[in-house]
Structure formats: structure tokens, C-alpha cells
Amino acid sequence: NAGVMQNPRHLVRRRGQEARLRCSPVKGHSHVYWYRQLPEEGLKFMVYLQKENIIDESGMPKERFSAEFPKEGPSILRIQQVVRGDSAAYFCASSPLAQNSNQPQHFGDGTRLSIL
Amino acid sequence: AQKITQTQPGMFVQEKEAVTLDCTYDTSDQSYGLFWYKQPSSGEMIFLIYQGSYDEQNATEGRYSLNFQKARKSANLVISASQLGDSAMYFCAMRSRGGADGLTFGKGTHLIIQP
């Protein structure tokens, strides 16, 4: 049973480039969540997706950031025209279809994004 | 709006002692869940324990237990017989509104176990 798989583990981009972060949820999980962790901080919720639907993007910056979870393939968090302030660890989590508040979210190992 | 407060930025504890990590929360929801996660220096997030707002008993998982005081809105994590491998960041988190939302995290406590 594979857990949540995120890649790449580390990503370096120059200012102005695009960053694409991928997340494959636990097999059978249809809920995907993206979080951002700045240095010395807790995780901050960004977006919640189900297959082909964005359910809640209230934590997502309005510009340059987008997320998708297509019918086939991994969930993608895309950051366009990256800036130094985008440097952070980005975590993906998944949970199963039957959604109760007691279901823990299973986290991937994160992608560490560094902007030069 | 939900909020999680962890007032201890860092703690040093002697090996084999018990340790309590504080967590208080704020929510207007009646139904919610509280979670603790461990983040070692390698960076992954490891789920430790869960407590539901309607659970009458405090949750326990091995050496981890949750001291849940609903009236005080606190959900402290207790680690018994601490080990060197317990050194990590510990995050308290909350989820409410039927469980479909993302988690709200505290800022974490950096626990260091000393030999």
C-alpha cells in the first residue's frame, strides 16, 4: 500500500519561472489537499480538490497559483512566475471517499521549493 | 474562523520522562476533530492521534495520549517514557464542519529529548 507520493522532493527555480508540483494520493482516496509550510511555521491550508473539481480554494493566493486533480493522473499544484516568497515546503494530503471529521489526512513527504 | 494555539515554541526533556505538549483551540462549531502530527527533521508529517469533540474518553495510541478538556478547549498531547527518537516538531491541528475542510494547524512545538 503506497502512501501519498509527491514529486519532486526538491525543486529549484529561478524567479519568473514556473513550478509544477505533483501529488499521487493513496490508492482509493479521492480527496486531495494542498498545504504550504513556511520556515518555522505550521502548515497552512491552500486548496481542497476532488476528482475534476475544486471544492475549496480559500487558502490559495488569487494570482499565479492554480491546482487541478484530473480524472486520470496526479494532482498538480502550479505556481507561475515564481518569486522568492514562494520558497516553502508544499505538502499534499489525501483522505478516503467516506469523509468524516475523524479521518486523518495522510501526508506525502512534501516538495521543498527554493527560488533563486 | 478556527484557530489553534501552541504556546510552547520549544521544550527540552530528559529521556524517559513524560512530556505534555499544550494545545488550545477556538471554534464555533459543535462537531470537530483534533489531531496531532509529528514532523521529524527529515520533514515528513506523521499522524499520531485523533480526538473527536463528542468522544467521551481521552484518545490513546501506544505511548501517546490526548488530555482533552472540552470546556477549556484544550487538547494536550502526552508522551509517556520519552525516547530520543521523539525529538521532532509536533503540530496540533483541527478539522470541523463535517470533516470536508482542510486542517487548521498550530505553529508547532519543537521537542528535544536529551539523553
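This is a predicted model, so every value here is computed, not measured.

(A) Spotlight on the nonpolar core. Counting 25 residues, the largest nonpolar core has Tyr25, Leu34, Trp36, Ile49, Leu77, Tyr90 and Leu111 of chain B as its most contacted members. Among the elements of the structure, β2 (10–14), β3 (19–21), β5 (32–39), β6 (46–52), β8 (64–69), β9 (74–79), β10 (88–96) and β12 (109–114) of chain B are those that each provide at least two residues to this core. Take this core: its biggest share by element is four residues, from β10 of chain B. Excluding its chain neighbours within four sequence positions, the residues that come into contact with Leu77 of chain B are Val19, Thr20, Leu21, Trp36, Leu48, Ile49, Tyr64, Ser65 and Tyr90 of chain B. Val4, Leu49, Leu77 and Ala88 of chain A belong to the second largest nonpolar core, which has 23 residues in total.

(B) Quick look at the pattern of salt bridges. Residue and element names in this part refer to chain B. One pass over the structure, following the stated rule, counts six salt bridges over all chains. With a closest N to O distance of 3.7 Å, Lys73 and Asp26 form a salt bridge. A residue pair is termed long-range when its members are at least 10 positions apart, and Lys73 in the loop between β8 and β9 and Asp26 in strand β4 (residues 24–26) qualify at 47 residues. Overall, the relative accessible area of 42% leaves Asp26 in the partly exposed class.

(C) Representation of the sheet that holds strand β8 (residues 75–79) of chain A within the structure. Residues and elements named next belong to chain A. The strand order β1-β3-β8-β7 describes an open sheet built from four strands, whose pairing is antiparallel. Where the open sheet ends on each side, the last strands, each with one partner, are β1 (5–7) and β7 (65–68). Each adjacent strand pair in this sheet contributes to an overall mean axis angle of 15°, direction not counted.

(D) Layout of the interface of chain B and chain A. Residue-level contacts link 23 residues of chain B with 22 residues of chain A. For the chain B and chain A pair, buried surface summed over both sides reaches about 1700 Å², with 51% attributable to carbon and sulfur atoms. Summed over the three residues of chain B that lose the most area to chain A, namely Met45, Arg95 and Phe105 of chain B, the buried surface amounts to 26% of that side. Linking chain B with chain A are zero salt bridges. Looking at the side of chain B that touches chain A, the elements that each hand over two or more residues are β5, β6 and β10 of chain B. Among the elements that take part in the side of chain B that touches chain A, β5 of chain B stands out by supplying five residues, more than any other. The residue makeup of the side of chain B that touches chain A, split by class, is ten nonpolar, nine polar and four charged.

(E) Molecular detail of the pairing of β6 of chain B. In terms of residue burial, β6 of chain B counts as a mostly covered element, since five of its seven residues are buried. Two successive antiparallel strands, β5 of chain B and β6 of chain B, enclose a turn made up of six residues, where Gly43 of chain B displays a positive phi of approximately 100°.

(F) A look at the pairing of strand β4 (residues 29–37) of chain A. All names here are of chain A. Burial of β4 is extensive: eight of the nine residues sit out of reach of the surface. Note: β4 against strand β9 (residues 88–96), eight bridges, orientation antiparallel. The residue of β9 that forms the bridge with Val32 is Ser94. Sheet topology places β4 next to strand β5 (residues 43–50); seven bridges connect them, and they run antiparallel. The residue of β5 that forms the bridge with Val32 is Leu49. Turn length for the β4-β5 hairpin, with the two strands adjacent in sequence and antiparallel, is five residues, and the turn residue Glu40 shows positive phi of about 65°.

(G) Local environment of the side chain of Ser74 of chain B. All names here are of chain B. Its location among the elements puts Ser74 in strand β9. Accessibility expressed as a relative area gives 5% for Ser74, which makes it buried. Each residue touching Ser74, except ones within four places of it in the same chain, is listed here: Cys23, Thr24, Tyr25, Asn67, Phe68 and Gln69.

Definitions and limits used
Residues numbered from 1 in each chain as written. Chains lettered and ligands numbered in written order. Predicted model: local features only at pLDDT ≥ 70, side-chain atom pairs only at ≥ 80, totals over all residues. Heavy atoms only, no water. Core = buried A, V, L, I, M, F, W, Y, C linked by side-chain atoms within 4.5 Å. Buried < 20%, exposed > 50% of the residue type's maximum accessible area, 1.4 Å probe, protein only. Helix = DSSP H or I, 4+ residues; strand = E, 2+ residues; numbered from the N terminus. Contact = heavy atoms within 4.5 Å. Salt bridge = Lys/Arg side-chain N within 4 Å of Asp/Glu carboxyl O. Pairing = 2+ DSSP bridges. Axes fitted to C-alpha atoms, helices over the stretch in contact; angles between N-to-C directions. Buried area = accessible area lost by both parts, 1.4 Å probe. Nonpolar A, V, L, I, M, F, W, Y, C, P; charged D, E, K, R; others polar.

Any functional reading would require information beyond the geometric quantities listed.
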